Amino acid sequence: MTVKVNPNLARTLKKFGATTATQCYHCGNCTVVCPLSTDENQFPRRFMRFAQLGMEDKLKNAVEPWLCYYCGDCSRLCPRQANPGEVMMSMRRYLTSLYDWTGLSLKVYTSRAFEFLMVAGLFAATLILVFLLQGQPSTEHADLSSFLPRSLIIGGGMLFGAAIAFMVALNILRMHKFIMSPGEYGQYVKIPASVYIKELGTFLYHFVTQNRFSLCTNRSRYIKHFLLVLGFLVFAFYAGFMVLVEVIRDGLKVAFVTGSPHPLFPALHPVRLLEYAATTAVLYVVIESFLGRLAKKEPLHQQSHSTDWTFLLLVGGTVLTGMLTHIFRNLDVPTATYWAFALHLAFIVPLFVVGALFAKWAHAVYRPLALYFIKVKQSAQQMQQDEFMSL
């Protein structure tokens, strides 16, 4: 069986941050110490070899890079300072660029100038759009519905979310095509649609809990990662809940046409307390990650990619401006409320576009999807074996 070799693969991966892959001499320490590597899915040593030999097709169809949570043990114990954890991280960036049908992810990951211009452009465009579409804001009281009608916020948010979801879905289809293609020896596994439905719980479980991360030796990182995911899920629930309240209370016509404003929840309302807890959790993780990358004590923080900093700044900016909007609104300071809310939206747009399509949020989706696809394959293979044995 012939294997295609791309002699430029190592050079390509360097653009994504894998600057040390060629230093590996394959002692195997990294695979031995990795708590997530298994007999069926071994890494990182095998993938260091793929990078050195230019075995691009094996990397494209691989699921293992998504099974790595960058515990840091492999990089800490590597005798050649080949930093296999960072190489695996770089491979995830590379795979993300392959899944992205727009080609923008490739530019975001390999050009700091393009990344900056994209984020800054989206930020500025959002601010300009907000002030072009603003109504007649009240100067007596902080009334966001007079600044931007609820119908505009809800309708625009739904369209924006649908567009992001559509683009992510296309990327997931490309991921599926790569991972579910015939294996090393060309074996084909027929997978009925019922298997995908049956195993859907695998994806949901790992997406919410990020449970495999808990197998890493540094359990504190799992807790912080879990808090971050949980915080974002609470924010998503809160936004969806408010739309639902709007629709149920006032009906489709009032909620989406006239934009009737909703009352603020009291400070001690359970929904408000949940929002406060989520905000605190996300802000804590962002600050801790920011300081960690400055201190560079952990392997994960020693070689930060520009997208890592961008993600932290966008998340931090979104949370802080959201807090300021809430504070100014409760203090009934009109101008400060409107500016804080405009900046809040300006942070949200690049966070979702860059984060969900090309950076960290994409990784948070691809990881549980990889585990889901593995489970689907295993279930389909078991079904085929059972059918064969019954003949």
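Because the structure is a prediction, the values reported are computed rather than measured.

A. Representation of the overall build of the protein. The helix and strand tally for the protein stands at 18 helices and zero strands. Buried residues in the protein amount to 47% of all 391 residues. Surface accessibility of the protein: about 19800 Å² in total, with carbon and sulfur atoms responsible for 67%.

B. Local environment of the state of the cysteines. Counted according to the given criterion, the structure contains one disulfide. Here Cys71 engages in a disulfide with Cys216; their sulfurs sit 2.1 Å apart. Because the sign of the S-S torsion sets the handedness, a value of about -55° for the bond joining Cys71 and Cys216 places this disulfide among the left-handed ones. One end of the pair, Cys71, is in the loop between helix H4 (56–60) and helix H5 (73–76); the other, Cys216, is in the loop between helix H12 (200–209) and helix H13 (219–258), with 145 residues separating them in the sequence. The two residues Cys71 and Cys216 agree in class, both being buried. Between Cys30, a free cysteine, and Cys24, which holds the nearest cysteine sulfur, the sulfur-to-sulfur gap is 6.0 Å. Residue Cys30 is classed as buried on the basis of its relative accessible area, which comes to 10%. Of the cysteine sulfurs around Cys34, a residue in no disulfide, the closest is that of Cys71, at 5.9 Å. Look at Cys34 and you get buried, because its relative accessible area is 15%.

C. Molecular detail of a nonpolar patch on the surface. Together, Leu320, Met323, Leu324, Ile327, Leu331 and Val333 give the surface a local cluster of nonpolar side chains, amounting to about 480 Å² of exposed area. Mapped onto the elements, Met323 comes out in helix H16 (residues 306–331).

D. Focus on the pattern of salt bridges. Under the criterion given, the structure shown has seven salt bridges. With its nearest N and O atoms 3.0 Å apart, the salt bridge here joins Arg76 to Asp73. Separated by three residues within a single helix, Arg76 and Asp73 lie in helix H5, roughly one turn from each other. Judged by its relative accessible area of 12%, Asp73 falls in the buried class. Arg93 is the partner of Glu86 in a salt bridge, and the nearest nitrogen-oxygen pair spans 3.4 Å. What emerges from the salt-bridge pattern is a single network uniting Glu86, Arg93, Arg293 and Asp308.

E. Expanded view of the packing of helix H8 (residues 112–133) against H16. Here H8 crosses H16 at 15°, and the two axes come no closer than 11 Å. In terms of their interaxial angle, H8 and H16 are classed as roughly parallel. For the crossing formed where H8 meets H16, the hand is right-handed. Contacts between H8 and H16 involve Arg112, Glu115 and Val119 on the former and, on the latter, Ser306, Thr307, Thr310 and Leu314. Grouping the amino acids of the contact of H8 with H16 by side-chain chemistry returns two nonpolar, three polar and two charged.

F. Examining the side chain of His326 more closely. Looking at where His326 falls in the secondary structure, it is placed in helix H16. Not counting residues up to four positions away in its chain, the partners in contact with His326 are Arg272 and Tyr276.

G. Up close: the packing of aromatic side chains. Under the defined criterion, the tally for this structure stands at 24 aromatic pairs. Where Phe203 meets Phe207, the ring centres are 5.6 Å apart and the plane angle is 25°; that geometry is what we call stacked. Taken as a pair, Phe203 and Phe207 lie in helix H12 at a separation of four residues, close to a single helical turn. Take Phe203: its relative accessible area is 17%, and that puts it in the buried class. Of the aromatic side chains, those joined through ring pairs into one cluster are Phe160, Phe232, Phe235, Phe311, Phe352 and Trp361.

H. Main features of the packing of helix H6 (residues 84–99) against helix H18 (residues 360–390). It is the contact of H6 with H18, at a shortest axis distance of 11 Å, that shows an interaxial angle of 90°. The orientation of H6 with respect to H18, classified from their angle, is roughly perpendicular. Contacts between H6 and H18 involve Met89, Arg92, Arg93, Thr96 and Tyr99 on the former and, on the latter, Lys360, Ala362, His363, Tyr366 and Arg367. Along the lines of polarity and charge, the residues of the contact of H6 with H18 split into four nonpolar, two polar and four charged.

Rules behind the numbers
Once a new chain begins, its residue numbering starts again from 1 and follows that chain's sequence as written. For this predicted model, a pLDDT threshold of at least 70 governs which residues receive local features, and a threshold of 80 or more governs which side-chain atom pairs are given and counted, while totals over whole chains, interfaces and linings are taken from all residues. The basis for the side-chain values is all heavy atoms of the structure; hydrogens and waters are excluded. Runs of H or I in DSSP of at least four residues are treated as helices and runs of E of at least two as strands, each being numbered from the N terminus. Burial classification: accessible surface area is computed with a 1.4 Å probe over protein chains only, and a residue below 20% of its type maximum counts as buried, one above 50% as exposed, and the rest as partly exposed. Under the convention used here, a 1.4 Å probe and the Shrake-Rupley method define accessible areas, while residue burial counts only the protein chains that appear. When two cysteine sulfur atoms lie within 2.5 Å, the pair is treated as a disulfide. Nonpolar side chains (Val, Leu, Ile, Met, Phe, Trp, Tyr) within 5 Å and like charges within 9 Å form the patches, drawn only from residues with over 30% relative accessible area and no salt bridge. Note on definitions: salt bridges are taken to be side-chain nitrogens of Lys or Arg within 4 Å of carboxyl oxygens of Asp or Glu. In this description, a line fitted to the C-alpha atoms serves as the axis of each element, helices being fitted only across the stretch in contact, and the angle between N-to-C directions of two axes falls anywhere from 0 to 180 degrees. By the definition adopted for this analysis, an angle is roughly parallel if under 35 degrees, roughly antiparallel if over 145, roughly perpendicular if from 65 to 115, and oblique otherwise. A clockwise turn of the near helix away from the far one marks a right-handed crossing, whereas an anticlockwise turn of less than a right angle marks a left-handed crossing. Working rule for contacts: check all heavy atoms of both residues, and any pair within 4.5 Å makes them a contact. When residues are sorted by character, Ala, Val, Leu, Ile, Met, Phe, Trp, Tyr, Cys and Pro go into the nonpolar class, Asp, Glu, Lys and Arg into the charged class, and all the rest, Gly among them, into the polar class. The rule is short: rings of Phe, Tyr and Trp, with Trp giving its six-membered ring, pair when the centres are within 6.5 Å, and they are stacked under 30 degrees, edge-to-face over 60, tilted in between.

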